[in-house]
Amino acid sequence: MQQVYTADAALAADTAPYAARLAVVGNPIAHSRSPQMQLAALRAAGIPGTYVRVLAEREGDAFERTLSSLQRMGFCGLNVTVPFKRRAFAAADCSGDPLASLCGSCNTLAWRNGCWVGWNTDGPGFARAISEWCGQELSELRIVLLGACGGAGSALACQCALAGCKHLTLVNRPKPALQELEQKLSPYAAVQAVAVGEDDARRAAVQQADLVVNATSLGLNEGDELPLPADWLTPRQWVYDIVPHPTPFQAAARERGCQAADGSAMLLWQGAYAFEKWFGSLPDTAAMQRALEA
């Protein structure tokens, strides 16, 4: 496993003459597969570069200080993951990205003209993954999104709404943010908010959906419960789990006769679109895919 760093002398001591210094910042971060994927993209493009994992503390302004440290060390591009996507949005100029501006979070930063510029590539990565897998665009689908208020979930919700999906059901634990998200997205698509605990409404929405998306953290850890009862699913539905590895939810969906997939394709394409933001062109996604599979 590649080394995990903090933004301190361990990174400053790395003085190799890289053309590009890149990192993924999060907490936790040791599990991230972005380094092998992005290093493969750099090699395929002939760009001498490095891409490392950076652990930022959650407390206080540690994340913001990490951004400053990385910039001083010459890092030109970053990916940002849990739990810092909203703080990355606040720290960057995201005015050029309608998706990031709508959802208030970003996962891709580039240092340009004296500031961090940000985008959200989770949404486009999700849209590309679904299009390739289902053979349909988001605009053609009735979608139930579980975990709609999370960092990734809110970006996917906004992506679905901006794409004008047929109907979008937002599912989350009860909180004011759920109704706020419904109101924010209603101008773009037919949107319904259903809180966890409203079982009749959740079941009805799931059974009417073409695509059920799990954007909760359930499935990341062994022993996690399913995000919804498997018998609510209908055969021939698509079930997409953004967790980038097989989970019990995917297995349960297949047992119900559904098509199910993990989030590997979304991981690939959000990374490819991040690379495009950094360097101006899409990378060799086949090379990135081989690195992920290895």
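Preceding this section is the structure that the text describes.
What counts and how
- The residue numbers shown here count from 1 along each chain, following its written sequence.
- Given that the model is predicted, a residue must reach a pLDDT of at least 70 before its local features are reported, and side-chain atom pairs must reach 80 or more before they are shown or counted; all residues, however, enter totals for whole chains, interfaces and linings.
- The basis for every side-chain value is the complete set of heavy atoms in the structure, and neither hydrogens nor water enter the calculation.
- Numbering goes from the N terminus for both helices and strands, where a helix is a DSSP run of H or I of at least four residues and a strand is a run of E of at least two.
- C-alpha atoms define the radius of gyration, and 2.2 Å times the number of residues to the power 0.38 defines the globule rule.
- Relative accessibility decides the category of a residue: with a 1.4 Å probe and only protein chains considered, values under 20% of the type maximum give buried, values over 50% give exposed, and everything between is partly exposed.
- Here, two residues are considered to be in contact whenever any of their heavy atoms come within 4.5 Å of each other.
- Per-residue and other accessible areas follow the Shrake-Rupley method at a 1.4 Å probe size, with only the shown protein chains counted as cover for residues.
- The charged-residue count follows a simple rule in which Lys and Arg add positive charge and Asp and Glu add negative charge, with His and chain termini not counted at all.
- Charge positions are represented by NZ for Lys, CZ for Arg, CG for Asp and CD for Glu.
- Two strands are counted as paired when DSSP detects at least two bridges linking them.
- Crossover handedness is defined here as right-handed if the route from the first strand over the helix to the second strand goes clockwise, with the strands pointing away from the viewer.
- Two rings belonging to Phe, Tyr or Trp (six-membered ring only in the last case) form a pair when the distance between their centres is within 6.5 Å. Interplanar angles under 30 degrees mark stacking, angles over 60 mark edge-to-face geometry, and anything in between is tilted.
- Only when the NZ of Lys or the CZ of Arg is both within 6 Å of the ring centre and within 35 degrees of the ring normal is a charge said to sit over the ring.
- By salt bridge we mean one thing: a side-chain nitrogen of Lys or Arg within 4 Å of a carboxyl oxygen of Asp or Glu.

### Structural notes on the overall build of the protein chain
In terms of helices and strands, the protein chain carries twelve helices and twelve strands. Over its C-alpha trace the protein chain gives a radius of gyration of 19 Å, about what one expects of a compact globule, namely 19 Å for 294 residues. Oriented by its inertia axes, the alpha-carbon framework of the protein chain measures out at about 60 × 40 × 35 Å. Counting every position in the protein chain, which comprises 294 residues, the buried fraction comes to 51%. Sequence separation of at least 24 residues holds for 64% of the intrachain contacts in the protein chain that already meet a minimum separation of 6. Just so you have it, the protein chain exposes about 12,600 Å², and 50% of that area is on carbon and sulfur atoms. Positive and negative side-chain charges in the protein chain, numbering 24 and 28 respectively, have mean positions lying 3 Å apart.

### Some remarks on the pairing of strand β11 (residues 238–241)
With burial as the criterion, each face of β11 is covered, one bearing W238 and Y240 and the other bearing V239 and D241. Where strand β10 (residues 211–214) lies against β11, four bridges are found, and the strand directions are parallel. Within the sheet, the bridge partner assigned to L211 lies in β11 and is W238. Taken together, the three bridges between β11 and strand β12 (residues 259–261) define a ladder with parallel strand orientation. Bridge pairing in β12 links W238 to Q259. Between the parallel elements β11 and β12, the chain passes through helix α10 (residues 248–255) in a crossover that is right-handed.

### Examining the packing of aromatic side chains
Under the definition given, this model contains eight aromatic pairs. Arranged with centres 4.7 Å apart and planes meeting at 10°, the rings of F63 and F84 form a pair that is stacked. Pair noted here: F63 is in helix α3 (residues 62–72) and F84 is in the loop between β4 (77–80) and α4 (85–91), with a separation of 21 residues, a long-range link. Take F63 and F84: they sit in the same class, and that class is buried. When the centroid spacing of 4.7 Å and the interplanar angle of 50° are considered together, the rings of F275 and F279 count as tilted. Of this pair, F275 and F279 are both found in helix α11 (residues 264–279), four residues apart, which corresponds to roughly one turn of the helix. Since its relative accessible area comes to 2%, F275 is described here as buried. Taken together, the ring pairs in this structure connect Y51, F275, W278 and F279 into an aromatic cluster. The ring of W269 is capped by R128, whose NZ or CZ atom sits 3.8 Å from the centre of that ring.

### Some remarks on the pattern of salt bridges
Taken as a whole and assessed by the stated rule, the structure comprises five salt bridges. For R65, the salt bridge is made with D61, and the minimal N-O distance between the two is 2.9 Å. A relative accessible area of 42% means that D61 is categorised as partly exposed. The closest approach of N and O atoms between R128 and E132, which form a salt bridge, is 3.1 Å.

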